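# Per-entry structural report
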Amino acid sequence: MRKEDYPLPARAIGYDEMMQYCDALMHKVAKYNPDEIIGVARSGMPFATFIAQKLNLDLGYYNPKHGHFVAANSTSKRIVFIDENFVSGGTQRQIHEFMKKHNPGIEYTVGCVMLDLFCPDKACLYGKMLDL
């Protein structure tokens, strides 16, 4: 997406507001009842860490750029991938393709702290839809 295609103005989001979005996401993740949280490198890791600690879950790691996936618990059967935001849907597609190919037996969903209003794939958990 080019800058001129993006109709929403940029604005700074403060710590308190970001934590509200993260808390909202955490409650949705808790309802999904996962065995493990997988942080999406790199910017999703702090939020995944926060949510994993709050829900007392193991924390794994996924780097879509390099295809690295490390689960902390080899017996996890239900996981949630956490990233900071979804804009174009590219990361979501990479996760779906990776899981279909390498881990077809694991149930999963994806989540983000902020979901862009124009993201084509809104079938995810999110803390706040950015509709500024």
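The text that follows walks through the structure, step by step, so that each part is easy to find.

Conventions we followed
Residues numbered from 1 in each chain as written. Predicted model: local features only at pLDDT ≥ 70, side-chain atom pairs only at ≥ 80, totals over all residues. Heavy atoms only, no water. Buried < 20%, exposed > 50% of the residue type's maximum accessible area, 1.4 Å probe, protein only. Helix = DSSP H or I, 4+ residues; strand = E, 2+ residues; numbered from the N terminus. Arc of directions from axis to C-beta. Contact = heavy atoms within 4.5 Å. Pairing = 2+ DSSP bridges. Axes fitted to C-alpha atoms, helices over the stretch in contact; angles between N-to-C directions. Core = buried A, V, L, I, M, F, W, Y, C linked by side-chain atoms within 4.5 Å. Lys, Arg positive; Asp, Glu negative; His and termini not counted. Salt bridge = Lys/Arg side-chain N within 4 Å of Asp/Glu carboxyl O. Polar contact = N/O pair within 3.5 Å; in protein donor to acceptor, adjacent residues only side chain to side chain. Expected span 1.5 Å × (residues − 1).

### What to know about helix 2 (residues 45-55)
What sets the pattern is the α-helix's 3.6 residues per turn: residues three or four places apart point alike. Burial in helix 2 covers these residues: M45, F47, A48, I51 and A52. The arc enclosing the buried residues of helix 2, seen along the axis, measures out at 160°, which places them on a common side. Relative to its buried face, helix 2 has exposed residues pointing more than 90 degrees away, namely P46, Q53 and K54. Packing partners of the buried residues in helix 2 comprise helix 1 (15-32), strand 1 (36-40), strand 2 (58-63), strand 4 (78-86) and strand 5 (107-116).

### Observations regarding the side chain of N103
Within the element layout of this structure, N103 appears in the loop between helix 3 (90-102) and strand 5. In this view, N103 contacts F69 and F98; residues no more than four positions away in its chain are not counted.

### Topic: the sheet that holds strand 4
Pairing is mixed in the open sheet, where six strands are placed in the order 3-2-1-4-5-6. Edge strands, defined here as strands with exactly one partner in the open sheet, are strand 3 (68-70) and strand 6 (125-130). The mean angle between the axes of side-by-side strands here comes to 20°, regardless of whether they run parallel or antiparallel.

### Examining the nonpolar core
L25, V29, I37, I51, V80, I82 and V113 are the most contacted members of the largest nonpolar core, which totals 18 residues. Where this core is concerned, the elements lending two or more residues are helix 1, helix 2, strand 4, strand 5 and strand 6. What V80 contacts, discounting residues up to four positions off in sequence, is V29, Y32, P34, E36, I37, I38, T109, G111 and L125.

### Focus: the side chain of E36
As for its placement among the helices and strands, E36 is situated in strand 1. Although E36 is buried, it makes no salt bridge; K77 carries the closest opposite charge, 10 Å away. At a separation of 3.4 Å, a polar atom in the side chain of E36 contacts the main-chain amide nitrogen of G60. Among all residues touching E36, those that are not within four sequence positions of it are D58, L59, G60, A71, A72, N73, S76, R78, I79 and V80.

### Observations concerning unusual backbone geometry
Here the bond from A41 into R42 is cis, since omega is -15°, no more than 30 degrees from zero. By the secondary structure assignment, R42 is in the loop between strand 1 and helix 2. Within the chain, N33 stands out as a residue other than glycine whose phi angle is a positive 60°. You can see N33 is positioned in the loop between helix 1 and strand 1.

### Overview of helix 1
Between its terminal C-alpha atoms helix 1 stretches 26 Å, which fits the 26 Å expected from 18 residues at 1.5 Å a residue. All buried positions along helix 1 are accounted for by M18, M19, Y21, C22, L25, M26, V29 and Y32. The arc enclosing the buried residues of helix 1, seen along the axis, measures out at 155°, which places them on a common side. Facing away from the buried surface of helix 1 by more than 90 degrees, the exposed residues are D16, Q20 and K31. Looking at the buried side of helix 1, the elements it contacts are strand 1, helix 2, strand 4, strand 5 and strand 6.

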